[in-house]
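# Working through the structure, step by step
Here is what each chain is made of, one letter per residue.
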Amino acid sequence: AKDLKQVLKPLSVMLSGLAEYMRVTRSIVASIGDVLLLDESAMLTIDTWSSTWCSLSILEKPLESEKKWKDIQKLVNGTSLKADSVSLQEIRSLATSEGSPNKFCGLTLQPLWPQEHSTTKAEVSFQGKCFMACSANFLANRCPFFVVGNEI
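What you see is a predicted model; the values in this text were computed from it and never measured. (Residues numbered from 1 in each chain as written. Predicted model: local features only at pLDDT ≥ 70, side-chain atom pairs only at ≥ 80, totals over all residues. Heavy atoms only, no water.)

## So, the pattern of salt bridges
Selection criterion: Between Lys or Arg on one side and Asp or Glu on the other, a salt bridge is scored when a side-chain nitrogen of the former is within 4 Å of a carboxyl oxygen of the latter. Under the DSSP-based scheme used, a helix requires at least four consecutive residues in state H or I and a strand at least two consecutive residues in state E, with every element numbered from the N terminus. Only protein chains enter the accessibility calculation, which uses a 1.4 Å probe; a residue whose area is less than 20% of its type maximum is buried, one above 50% is exposed, and one in between is partly exposed.
Taken as a whole and judged by the stated rule, the model has five salt bridges. Between Arg92 and Asp34 there is a salt bridge, with its nearest N and O atoms 3.0 Å apart. Linking Arg92 in helix 3 (residues 88–95) with Asp34 in helix 1 (residues 2–35), this pair joins segments that are 58 residues apart in sequence. Take Asp34: its relative accessible area is 32%, and that puts it in the partly exposed class. A salt bridge links Glu116 to Lys121; the shortest N-O distance between them is 3.5 Å.

## Some points on the pairing of strand 1 (residues 123–126)
Consecutive residues of a regular strand have side chains that alternate between opposite faces of the sheet. Our working definition: If DSSP finds at least two bridges between two strands, the strands pair.
Bridge count between strand 1 and strand 2 (residues 129–132): four bridges; the pairing is antiparallel. When the bridges of strand 2 are listed, Ser125 appears paired with Cys130. Taking the residues between adjacent antiparallel strands as the criterion, strand 1 and strand 2 are bridged by two residues, where Gln127 takes a positive phi near 55°.

## Concerning unusual backbone geometry
Even without being a glycine, Leu109 presents a positive backbone phi close to 65°. As for its position among the elements, Leu109 is in the loop between helix 3 and strand 1. You will see that Gln127, though not glycine, has its phi angle at about 55°, which is positive. Counting through the fold element by element, Gln127 comes out in the loop between strand 1 and strand 2. A residue is classified by how much of its surface remains accessible, and Gln127, at 38% relative accessible area, is partly exposed.

## Here's the deal with the packing of helix 1 against helix 3
Here is the rule: Every axis in this analysis is a line fitted to C-alpha atoms, fitted for helices over the stretch in contact. Angles between the N-to-C directions lie between 0 and 180 degrees. Each angle receives one of four descriptions, namely roughly parallel if under 35 degrees, roughly antiparallel if over 145, roughly perpendicular if within 65 to 115, and oblique otherwise. Crossing handedness follows the turn of the near helix against the far one: under a right angle anticlockwise gives a left-handed crossing, and clockwise gives a right-handed one. Contacts are assigned to residue pairs that have any heavy atoms within 4.5 Å of one another. Note on residue categories: nonpolar means Ala, Val, Leu, Ile, Met, Phe, Trp, Tyr, Cys or Pro, charged means Asp, Glu, Lys or Arg, and polar means any other residue, Gly included.
Packing of helix 1 against helix 3 brings their axes to within 9 Å, and their N-to-C directions diverge by 60°. Put simply, helix 1 runs oblique to helix 3. Once helix 1 is placed against helix 3, the crossing between them reads as right-handed. Side by side, helix 1 and helix 3 meet where Arg23, Arg26, Ser27, Val29, Ala30, Gly33 and Asp34 of the first sit next to Leu88, Ile91 and Arg92 of the second. Tallied by class, residues from the contact of helix 1 with helix 3 come to four nonpolar, two polar and four charged.

## Observations concerning helix 1
Condition: Every helix has an expected span of 1.5 Å times one less than the residues it contains.
With 34 residues, helix 1 should cover 50 Å at 1.5 Å per step; its first-to-last C-alpha distance of 50 Å lies within 8% of that length. The first or second residue beyond helix 1 is Leu37, which carries a positive phi of 60°.

## Let's talk about the packing of aromatic side chains
Under the convention used in this document: Geometry of aromatic contacts follows a simple scheme: Phe, Tyr and Trp rings, the Trp one being its six-membered ring, pair when their centres are within 6.5 Å, and the pair is stacked under 30 degrees between planes, edge-to-face over 60, tilted otherwise.
Across all of its chains, the model carries one aromatic pair by this definition. Ring centres of Phe126 and Phe131 lie 5.8 Å apart, and the angle between their planes is 75°; this geometry places the pair in the edge-to-face category. According to the relative accessible area criterion, Phe131 is buried, its value standing at 2%.

## Re a nonpolar patch on the surface
Convention followed: Residues form patches when they are more than 30% accessible in relative terms and have no salt bridge. Like charges link within 9 Å. Nonpolar side chains (Val, Leu, Ile, Met, Phe, Trp, Tyr) link within 5 Å. Throughout, the Shrake-Rupley method with a 1.4 Å probe supplies accessible areas, and for residues the shown protein chains are the sole cover considered.
A cluster of nonpolar side chains, namely Leu4, Val7, Leu11 and Met14, defines an oily patch on the protein surface of about 360 Å² accessible area. Inspection of the secondary structure assignment puts Val7 in helix 1. Using a relative accessible area of 39% as the deciding quantity, one classes Val7 as partly exposed.

Note that every value here comes from positions in space, so none of it alone points to a role or purpose.
Below you can see the structure in the form of structure tokens.
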């Protein structure tokens, strides 16, 4: 029991990080769904990947992540750990809701909401462009080669 208590806090932090990864991934997938003019309720599953999402190869990794996330949720079900993340459908619905802002993240193309100022979805400037804080962090730490282009 003592050993379990020692690992619960670090596991909780890791799960929160994975949930954030899923939210950012789903935000990018949501933008792809918008480009494809898919219904807001379109889910990304192995069953819908070819029929709804045109078998786009760019969605193979997000699809794999969705499967792994579902496995993680099953594993933590019934424990004190939480593995919650906003759904793809919720992200797409929020982006098209009444009063949606007119500023968008330069990576995920999701709206930047003023009320998110103290979250990882807060608007930040990175290389002179607007991004969600989590997106700017991802670009700065995982894509050092990325340079935001100048507007034409």
